[in-house]
Amino acid sequence: DLRIVDNLIYLNNTSGIGIYNPYSGPTIYIDGNIIINNGEGISLFGDQALLTNNIINNNQACGINTKFWGGTGLSCFISENNISNNGSYGFYGIISQATFTITNNFLKGNVNYAIYSRRGVTHTTGGQVLFNNNNILESSNYIIYNDSDFGTPDIDAENNYWGTTSDSEIQALIYDWNDDGSL
């Protein structure tokens, strides 16, 4: 296993944490870190990861940038993080046959989207994004932007707090196949 735990990581021009670990590498644990004022907060290319209890704020680009592709059984668990005020996305994921569980996080003030999901570069089907029980506030564009073909991968986005309880206002915060049938 690879563990990055209880660190203050700041003022790096590129990624605060950058890991390239594809294809059956060790499980990556990133827990209890303060990751602020970097080019990107966390840049992760891997196949098994747990990101928990981190503060990921004020990075110039993405808070978390992930790319998981190339096989089955890939997973990334993101929970109990504060992902705020990043210059691009709170979370950016390229997903191919991977399961992403994003739960119990606080996302606020990320400039483009809180969550940006796209299909893997190998253009395979499959993959799943579970985006549940999060508090999401003040994204300047959509909160969720799903840039994938119809049905690949779907995003399960139930039981989140969106800053509103109005169904029509929540739908206006989500961009997916229903907004652009060419996806």
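Scope of this entry: the structure provided in the associated data block.

Re the overall build of the chain
Counting its regular elements, the chain contains one helix and 20 strands. Out of the 183 residues in the chain, the part that is buried amounts to 49%. The contacts in the chain between residues at least 6 apart in sequence include a share of 71% that link residues at least 24 apart.

Considerations on the pattern of salt bridges
Overall, the coordinates contain one salt bridge when judged by the stated rule. Between Asp1 and Arg3 there is a salt bridge, with the nearest N and O atoms lying 3.6 Å from each other. Relative accessible area serves as the criterion here: at 63%, Asp1 is assigned to the exposed category.

With respect to the sheet that holds strand S2 (residues 8-10)
Strand order in the open sheet formed by six strands is S2-S5-S8-S11-S14-S17, with parallel pairing between adjacent strands. Only two strands of the sheet have a single partner each, and these edge strands are S2 and strand S17 (135-137). Each neighbouring strand pair of the sheet contributes to a mean axis angle of 5°, computed without reference to strand direction. In the sheet, strand S11 (residues 82-84) pairs with strand S14 (residues 106-108) via three bridges, with the strands oriented parallel. Bridge pairing links Ile83 to Leu107 in S14.

Observations regarding the nonpolar core
Core analysis: the largest hydrophobic core is formed by 35 residues, its most contacted members being Ile42, Leu51 and Phe131. Excluding residues that lie within four positions of it along the chain, Phe131 makes contacts with Ile102, Leu107, Ile115, Ile136, Ile144, Ile155, Asp156, Ala157, Glu158, Asn160 and Trp162. Counting residues in each nonpolar core, the second largest holds eight residues, with Cys62, Tyr89, Tyr116 and Tyr175 among its members.

Describing the packing of aromatic side chains
Evaluated as defined, the whole model comprises 14 aromatic pairs. Centroid distance Tyr20 to Phe45: 5.9 Å. Interplanar angle 45°. Geometry classified as tilted. Taken together, the positions of Tyr20 in strand S3 (residues 15-20) and Phe45 in strand S6 (residues 40-45) put the pair 25 residues apart, joining distant regions of the chain. Looking at Tyr20, the relative accessible area reads 63%, which means it is exposed.

Here's the deal with the pairing of strand S12 (residues 89-95)
With seven of its seven residues buried, S12 lies for the most part within the structure. Where strand S9 (residues 64-68) and S12 come together, five bridges link them in parallel fashion. Note that in S12 the partner of Lys67 across the bridge is Ile94.

Points about unusual backbone geometry
With phi around 60°, Asn53 is a residue other than glycine that occupies positive phi space. Considering the arrangement of structural elements, one finds Asn53 in the loop between strand S7 (48-52) and strand S8 (55-57). Overall, Asn53 belongs to the partly exposed group, its relative accessible area being 42%. Phi angles above zero are rare outside glycine, and Asn133 is one such case at about 60°. Inspection of the secondary structure puts Asn133 in the loop between strand S16 (128-132) and S17. Judged by relative accessible area, which is 40%, Asn133 ranks as partly exposed.

Remarks on the sheet that holds S7
Strand order in the open sheet made by the seven strands is S1-S4-S7-S10-S13-S16-S19, with parallel pairing throughout. Each edge of the open sheet is held by one strand with a lone partner, namely strand S1 (2-5) and strand S19 (155-156). Direction of pairing for strand S4 (residues 28-31) relative to S7: parallel, over a ladder of four bridges. Directly across from Asp31, in S7, lies its bridge partner Thr52.

Rules of the game
Residues numbered from 1 in each chain as written. Predicted model: local features only at pLDDT ≥ 70, side-chain atom pairs only at ≥ 80, totals over all residues. Heavy atoms only, no water. Helix = DSSP H or I, 4+ residues; strand = E, 2+ residues; numbered from the N terminus. Buried < 20%, exposed > 50% of the residue type's maximum accessible area, 1.4 Å probe, protein only. Contact = heavy atoms within 4.5 Å. Salt bridge = Lys/Arg side-chain N within 4 Å of Asp/Glu carboxyl O. Pairing = 2+ DSSP bridges. Axes fitted to C-alpha atoms, helices over the stretch in contact; angles between N-to-C directions. Core = buried A, V, L, I, M, F, W, Y, C linked by side-chain atoms within 4.5 Å. Phe/Tyr/Trp six-rings, centres within 6.5 Å; stacked < 30°, edge-to-face > 60°.

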